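Structural characterization, general
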Amino acid sequence: MASIKQFQVTFDCAEPERVARFWCEVLGYVVPPPPEGFATWDDFDRALPPERQGSAFACKDPSGVGPRLFFQRVPEGKVVKNRLHLCVRVGTGLVGEERLAALEAECTRLVPLGAVRVRLLLADGVNESCLVMQDIEGNEFCLD
């Protein structure tokens, strides 16, 4: 039997700390403590060579259950649809109007943080309703 592996989800982005802090708000994640010997992440960042400053940031599930999220700066911008996206499970177990209300409530919370509503996909007899959104750098995710 194969062993279960831990994994992290990595985002390519222009502003790693900004995007990481957005996802902390979305998911209830936290920024881990800075490396030993540094009082703050800013102190750690200033110790890096200039070309690496601000190049990465991470956040984690405070309960330790969810995967770590890692954000790395890349020179190119996003140009096409994601091949992989996160589904934020806010409507689990809900159907119909109750599910739609939960999706809309979460959308209302996230838009002031910089998220963009893209489209609502209504239940079709196979899949329940979900709401497609974008994060602050245009990466698609769903409220599911």
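Anyway, here's the lowdown on the structure attached to this text.

What counts and how
Residues numbered from 1 in each chain as written. Predicted model: local features only at pLDDT ≥ 70, side-chain atom pairs only at ≥ 80, totals over all residues. Heavy atoms only, no water. Pairing = 2+ DSSP bridges. Helix = DSSP H or I, 4+ residues; strand = E, 2+ residues; numbered from the N terminus. Axes fitted to C-alpha atoms, helices over the stretch in contact; angles between N-to-C directions. Salt bridge = Lys/Arg side-chain N within 4 Å of Asp/Glu carboxyl O. Buried < 20%, exposed > 50% of the residue type's maximum accessible area, 1.4 Å probe, protein only.

Attention now goes to the sheet that holds strand S7 (residues 140-143). Spatially, 4 strands are ordered S4-S7-S6-S5 in an open sheet, and the strand pairing comes out mixed. The sheet terminates laterally at strand S4 (86-88) and strand S5 (116-121), the two strands that pair on one side only. Going across the sheet, the axis of each strand differs from the next one's by a mean of 25°, ignoring polarity. The pairing of S5 with strand S6 (residues 130-134) spans 5 bridges and is classified as antiparallel. Bridge pairing in S6 places Arg-119 opposite Val-132.

With the rule as written, the count across this model stands at 8 salt bridges. Where Arg-18 meets Glu-15, a salt bridge forms, and the shortest distance between an N and an O atom there is 3.5 Å. Take Arg-18: its relative accessible area is 41%, and that puts it in the partly exposed class. By relative accessible area, Glu-15 is classed as partly exposed at 41%. Two residues, Arg-109 and Glu-106, come together in a salt bridge whose shortest N-O distance is 2.8 Å. Of this pair, Arg-109 and Glu-106 both sit in helix H3 (residues 96-110), 3 residues apart, which is roughly one turn of that helix. Several salt bridges share partner residues, and in doing so they unite Arg-89, Arg-99 and Asp-144 into one network.

On their own, these measurements won't tell you what the molecule is for.
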